[in-house]
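# Report on the structure
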Amino acid sequence: MVTTDGAGERAAPARSLAASGAMTPDWSSALLAAPRSDFLPEVFWAHDMDSGESTRVDRRTEPDVWEDYACADVAIVTQWDDGAGAGPGGVPTSSASMPSVVFRMLAALDVRPGNRVLEIGTGTGWNAGLLAARLGARNVTSVEIDPQVADTARERLNAARLLGTVLTRDGALGDPAGAPFHRVIATAGVRKLPPAWIEQTREGGLIVAPWGTHYSNADAVVRLEVGGGRASGKFVGPAEFMKLRAQRLPFPGHEAYVPDGVDSADHSQAEVTEADLLGVDRFDAVAFVLGLRVRGCHQAVAAKREGSRPVWFYGLTDRSWACVMLHDGGKADVWQAGPRRLWDEVAKALDWWRDAGRPGIGRFGLTVRADGGQLVWLDDSEDAWPV
């Protein structure tokens, strides 16, 4: 039995999320039934989105700090290097997302009583638990590729009496045996929306997923309506998610592109500032938009030293590359090499965005055909281009 004090503690995150506008009132009871703390491990890493640093927290030695982070609106890393890593220094590969992001995505999913939902990326099991608390466990199927992560999620969902179906398999395949679903939600970022998700969604159903390009980690949540063998809809806000394992960046590393430095490349200068190219904050639309306009390109931003910051661009279909050295004051130095003039492509995309009035993420949309082809558009789906 939950004590009065315990009930108050469980209700505090719901009050905070509701007050911020991140969570709609219809999810309050689900959060009370499935608080994030019930789905977190004894040891996790609280991730600071601004600094990129992760803080290790152990419930056994810091129970109050652990509880504070569990209730806070921060992302929490629960696995590194697909289970092979022990902490920062490696690559985070499973997490519990920021509660504000979780509930904004659930709001976009717009579930109704009786809906059957397919979730891609079980992770800790928290999102599946919220859906089960809202719709009933029998209506929720979740897919997780990592056997250990899936097993742990099943245990936690079962302990919370919210266990639906948790399948251990590649999420890109969905669950054809359980289809069709009214809703599909992905908690892993995608670069190509799998056709199976469209096939397994009812006509008029919705798919909500973090989508982006290999240009950067600047994803956006897209809300797609399924109909006529395709899915189409608008982006609803920025996000950053770990990627489906099969869709991680195919990047061979800097040395494969620039083994001998920049001296042999073509050099020029450009009137471009750090704010122009990188935006004013981590969720500025510029990186997302450049990814839409410059196909098959990956950007890497290096640390600033003595007032200068190098930004690299790498072609993903050949070994073309460019480097823009941004300076605090004065023109930027540009080097580029290879059959593609990557900086010229980026500069052209920046001009297009400026000429369009610097539209935000919410004005862009995505259409995915049954064959997997993807088109993006600004305002009008009839004026689309491939990505």
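These figures come from a predicted structure and were not determined experimentally. (Residues numbered from 1 in each chain as written. Predicted model: local features only at pLDDT ≥ 70, side-chain atom pairs only at ≥ 80, totals over all residues. Heavy atoms only, no water.)

Let us now look at the packing of aromatic side chains. Taken as a whole, this structure holds 16 aromatic pairs when the rule is applied. Arranged with centres 5.7 Å apart and planes meeting at 45 degrees, the rings of Trp211 and Phe235 form a pair that is tilted. With Trp211 in strand 9 (residues 201–211) and Phe235 in strand 11 (residues 230–239), this residue pair connects regions lying 24 residues apart in the sequence. The class for Trp211 is buried, based on a relative accessible area of 1%. Phe235 gets classed as buried once you look at its relative accessible area, which sits at 2%. Taken together, the ring pairs in this structure connect Phe251, Tyr257, Trp312, Tyr314 and Trp321 into an aromatic cluster. Note that Arg36 overlies the ring of Trp126, its terminal NZ or CZ placed 5.9 Å from the centroid. (Phe/Tyr/Trp six-rings, centres within 6.5 Å; stacked < 30°, edge-to-face > 60°. Helix = DSSP H or I, 4+ residues; strand = E, 2+ residues; numbered from the N terminus. Buried < 20%, exposed > 50% of the residue type's maximum accessible area, 1.4 Å probe, protein only. Lys NZ or Arg CZ within 6 Å of the ring centre and 35° of its normal.)

For any two helices packed against each other, the geometry comes down to the angle between their axes and how far apart the axes lie. In the contact formed by helix 4 (residues 99–109) and helix 5 (residues 126–135), the axes pass within 12 Å of each other and the chain directions differ by 45 degrees. With respect to helix 5, the axis of helix 4 lies oblique. With respect to the hand of their crossing, helix 4 and helix 5 are arranged in right-handed fashion. On helix 5, the residues touching Pro99, Val102, Phe103, Leu106 and Leu109 of helix 4 are Trp126, Asn127, Leu130 and Leu131. Taken together, the residues of the contact of helix 4 with helix 5 sort by class into eight nonpolar, one polar and no charged. (Axes fitted to C-alpha atoms, helices over the stretch in contact; angles between N-to-C directions. Parallel < 35°, antiparallel > 145°, perpendicular 65-115°, else oblique. Left-handed = near helix turned anticlockwise from the far one by under 90°. Contact = heavy atoms within 4.5 Å. Nonpolar A, V, L, I, M, F, W, Y, C, P; charged D, E, K, R; others polar.)

Oppositely charged side chains can form a pair if their charged atoms are brought close together. A complete count under the given rule lists 20 salt bridges for this structure. For Asp219, the salt bridge goes to Arg191, with nearest N and O atoms at 2.9 Å. Taken as a pair, Asp219 in strand 10 (residues 219–227) and Arg191 in the loop between strand 8 (181–186) and helix 7 (195–199) lie far apart in primary sequence, 28 residues in all. Residue classification places Asp219 among the buried positions, given a relative accessible area of 1%. Glu345 is paired through a salt bridge with Arg340; the nearest N and O atoms lie 2.6 Å apart. Residue Arg340 is classed as buried on the basis of its relative accessible area of 15%. Each of the salt bridges in this network shares a partner with another, and the network as a whole consists of Asp82, Asp146, Arg245 and Arg248. (Salt bridge = Lys/Arg side-chain N within 4 Å of Asp/Glu carboxyl O.)

Here helix 6 (residues 147–159) contains 13 residues, and its C-alpha end-to-end distance of 18 Å stays within 8% of the 18 Å for a straight helix at 1.5 Å per residue. Buried within helix 6 we find Val149, Ala150, Ala153, Arg156 and Leu157. Seen from one end, helix 6 has its buried residues packed into an arc of 130 degrees, which puts them on one side. Facing away from the buried side of helix 6, by more than 90 degrees, are the exposed residues Gln148, Glu155 and Ala159. Where helix 6 is buried, its residues contact strand 3 (75–80), strand 4 (92–96), helix 5, strand 6 (140–144) and strand 7 (165–168). Positive phi shows up at Arg161, right after helix 6, with a value of about 60 degrees. (Expected span 1.5 Å × (residues − 1). Arc of directions from axis to C-beta.)

Moving on to unusual backbone geometry. Residue Pro180 follows Ala179 across a cis peptide bond; omega there is 5 degrees. Among the secondary structure elements, Pro180 is positioned in the loop between strand 7 and strand 8. Of note, the phi angle at Arg161 is positive, near 60 degrees, even though the residue is not glycine. For Arg161, the position within the fold is in the loop between helix 6 and strand 7. Among the residues examined, Arg161 registers a relative accessible area of 79% and is labelled exposed.

Right, let's get into the side chain of Thr122. Following the sequence through the fold, Thr122 ends up in the loop between strand 5 (117–120) and helix 5. For Thr122, a relative accessible area of 3% translates into the label buried. When sequence neighbours within four positions are dropped, the list of residues in contact with Thr122 reads Ser142, Val143, Glu144, Ala153 and Val166.

What follows covers the sheet that holds strand 4. Reading across the sheet, the four strands line up as 2-1-3-4 and stay open at both edges, with antiparallel pairing between neighbours. This sheet does not close on itself; its edge strands, each paired only once, are strand 2 (54–58) and strand 4. Each strand axis lies, on average, 40 degrees off the axis of its neighbour in the sheet, ignoring direction. Helix 3 (residues 63–71) rests against strand 1 (43–47), strand 2 and strand 3 of the sheet, and its axis sits at about 125 degrees to strand 2. (Pairing = 2+ DSSP bridges.)

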